[in-house]
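Listed below are the residues making up each chain.
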Amino acid sequence: MLNELITERKLPALPSLPAERQEVLHLLAENEYGFTPSFEGEVSGFTESHEITYGGKALSERILLSFPTPHGTFSFRVRVLLPVEVKPAPVFLHISFHTEENKAVNDHRIVEHVPEEEILDHGYGIVSFCYEDVTSDSGRWDGLALAYPSGGDSGWGKIGMWAFAASRVMDYLLTREDVDSTRISVSGWSRLGKTALWCAAQDERFSLAISTESGCSGAALQRGKGGETVRDITSRFPYWFCRKYASFAGCEDKLPFDQHYLLALIAPRTVFVGSAEKDLWADPVSEFLCAKAASSAFEQIGVPGLITPDVLPSAECDLYDGRIGYLLRRGEHWLMRRDWLAHIRFRDLHHV
């Protein structure tokens, strides 16, 4: 049944991976996210604050990260929260909508829940930064956007910039002896789920990419998608992408790829896709079919992709056995405790 549903979408066939990995990255950069500039500098971290918190269970630090760019040094803040009893600790690198000081940024509708103490009690650390500390979620060219020259139809958009910042946090984490460098995931919700996937697709140092309700231009197939479309997203948020992407509005079938290419680039590492039953704008069916369609890339190199019965999932479906994990939970567009517990379980099972 699932293969028939995928066939109906008339998806472009997946290339041979990893042999054609660079070609696939080039396709996605040229037509959707824009080209990420190369980085060969060093990232430094200055500790602004340091305390033991959560009743002695956690080390909490605020770090100012700095690195060179073509237009001078760029800096942004990162919060590090690590369990004191686990060294080195596996880490969730979470691209966040908020900082400690500002729990909701400009749009009051943007909320997310991070059950920090529960994550710590499972032996994981949480490292996070606010995406707007890197560059604003607007058409203004500010922050990191000013630090790198960009232009043309395939110049990078802000999803690429936020992903680039996550890779600079990875650079820093690799210098810490209290972090397990082999078990660092990158995660995000909604637009930041798209960011996490694009980050992990480019940066093979991440052991796991976690996308929660990333929908259009994230973990959902474009062809045959319900809810948000390329026309919708490029009309409202053109600055997230390269300029060329808007040319596919209303003609997604002309794209030389679909979003299963993005998930396939993470093989043979692990990826977790989360959906919500009532989040029709993101379209959970298209997210699930994308995970299924990407599985062949994992199978090509001898590891299981999404392991699922041959039916569309119903609410409260958890699929953890393959290298692609999937959750369809009840509810709407939000990041909640249920999502995080699924992420923890998947990481525990696969030791990533």
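Residues numbered from 1 in each chain as written. Predicted model: local features only at pLDDT ≥ 70, side-chain atom pairs only at ≥ 80, totals over all residues. Heavy atoms only, no water.

**Student:** Mind showing me how you'd approach the nonpolar core here?
**Tutor:** The nonpolar side chains of a soluble globular protein tend to be buried with one another. Counting residues in each nonpolar core, the largest one holds 116 residues, and the members touching the most others are Phe76, Phe129, Leu144 and Trp198. Element by element, the count of residues in this core is highest for helix H4 (residues 158-173), at 11 residues. Each residue touching Phe129, except ones within four places of it in the same chain, is listed here: Phe76, Arg77, Val78, Leu93, His94, Ile95, Ser96, Val134, Trp162, Ala165, Ala166 and Val169. (Core = buried A, V, L, I, M, F, W, Y, C linked by side-chain atoms within 4.5 Å. Buried < 20%, exposed > 50% of the residue type's maximum accessible area, 1.4 Å probe, protein only. Helix = DSSP H or I, 4+ residues; strand = E, 2+ residues; numbered from the N terminus. Contact = heavy atoms within 4.5 Å.)

**Student:** Teacher, can you tell me more about the packing of helix H2 (residues 21-33) against helix H5 (residues 191-202) here?
**Tutor:** Packed helices, taken two at a time, are described by their axes: the angle between them and the distance between them. Contact pair H2 / H5: the axes reach a minimum separation of 11 Å and the direction vectors enclose 145°. Crossing handedness for the pair H2 and H5: left-handed. Counting all contacts with H2, which are made through Arg21, Leu25, Leu28, Ala29 and Tyr33, the residues of H5 involved are Trp198, Ala201 and Gln202. Grouping the amino acids of the contact of H2 with H5 by side-chain chemistry returns six nonpolar, one polar and one charged. (Axes fitted to C-alpha atoms, helices over the stretch in contact; angles between N-to-C directions. Left-handed = near helix turned anticlockwise from the far one by under 90°. Nonpolar A, V, L, I, M, F, W, Y, C, P; charged D, E, K, R; others polar.)

**Student:** Looking at this model, I keep getting lost on the sheet that holds strand E5 (residues 125-130). Mind explaining?
**Tutor:** In sheet architecture, strand pairing relies on hydrogen bonds along the backbone and comes in two forms, parallel and antiparallel. Sheet architecture is open: 10 strands sit in the order E1-E2-E3-E5-E4-E6-E7-E8-E10-E9, paired in mixed fashion. One side of each edge strand has no neighbouring strand; the edge strands of this open sheet are strand E1 (44-53) and strand E9 (317-319). In this sheet, neighbouring strand axes are inclined to one another by 15° on average, regardless of whether the strands run parallel or antiparallel. Bridge analysis of E9 against strand E10 (residues 324-329) gives three bridges, and the strand direction is antiparallel. Considered in E10, the bridge of Cys317 is made with Leu328. (Pairing = 2+ DSSP bridges.)

**Student:** Can you help me understand the pattern of salt bridges in this one?
**Tutor:** Once the charged atoms of two side chains with opposite charge are near each other, the side chains can pair. Tallied over the full model, the rule gives 22 salt bridges. Lys158 is paired through a salt bridge with Asp142; the nearest N and O atoms lie 3.5 Å apart. With a gap of 16 residues between them, Lys158 in helix H4 and Asp142 in the loop between E5 and H4 connect regions that are remote in the sequence. A relative accessible area of 0% places Lys158 in the buried class. Members of the salt-bridge network, linked through shared partners, are Arg168, Asp171, Asp203 and Arg205. (Salt bridge = Lys/Arg side-chain N within 4 Å of Asp/Glu carboxyl O.)

**Student:** Quick question: what am I supposed to make of a nonpolar patch on the surface here?
**Tutor:** There is a patch of nonpolar side chains on the surface, built from Met1, Val285, Val311 and Leu312 and spanning about 300 Å² of accessible area. Structurally, the position occupied by Leu312 is in the loop between helix H8 (284-300) and E9. The class for Leu312 is partly exposed, based on a relative accessible area of 32%. (Patch = residues over 30% accessible without salt bridge, like charges linked within 9 Å, V, L, I, M, F, W, Y side chains within 5 Å. Areas by Shrake-Rupley, 256 points an atom, 1.4 Å probe, with all protein chains shown as cover.)

**Student:** Help me understand the pairing of E1 in this model?
**Tutor:** Regular strands place side chains that alternate from one sheet face to the opposite one. Judged from the nine bridges that link them, E1 and strand E2 (residues 58-69) form a sheet pairing that is antiparallel. Note that in E2 the partner of Ser49 across the bridge is Arg62. Taken together, E1 and the strand that follows it, E2, pair antiparallel across an intervening segment of four residues, in which Tyr54 is found at a positive phi of about 50°.

**Student:** How should H4 be read in this particular structure?
**Tutor:** Since the α-helix turns once every 3.6 residues, residues separated by three or four places project in the same direction. Counted at 1.5 Å a residue, the expected span for H4 with its 16 residues is 22 Å, and the 23 Å between its end C-alpha atoms agrees. Along H4, 16 of the 16 residues are buried, which leaves the element largely enclosed by surrounding structure. (Expected span 1.5 Å × (residues − 1).)

**Student:** How should the pairing of strand E4 (residues 89-96) be read in this particular structure?
**Tutor:** Of all eight residues making up E4, eight are buried, and the element is well covered by its neighbours. Where burial is concerned, the two faces of E4 agree: the one with Ala89, Val91, Leu93 and Ile95 and the one with Pro90, Phe92, His94 and Ser96 are both buried. Bridge count for E4 against E5 is six bridges, and the pairing is parallel. Across the sheet, the residue bridging to Phe92 is Ile126, located in E5.

**Student:** What is the right way to read the packing of H4 against H5 from this model?
**Tutor:** Relative to each other, H4 and H5 sit at 60°, their axes nearing to 8 Å. The pairing of H4 with H5 is recorded here as oblique in orientation. The element H4 and its partner H5 pack so that their crossing is right-handed. Contact with H4, carried on its side by Ile159, Gly160, Trp162, Ala163, Ala166 and Ser167, involves Leu192, Lys194, Thr195, Trp198, Cys199 and Gln202 of H5 and no other residues of that element. Of the residues contributing to the contact of H4 with H5, the split by class is seven nonpolar, four polar and one charged. (Parallel < 35°, antiparallel > 145°, perpendicular 65-115°, else oblique.)

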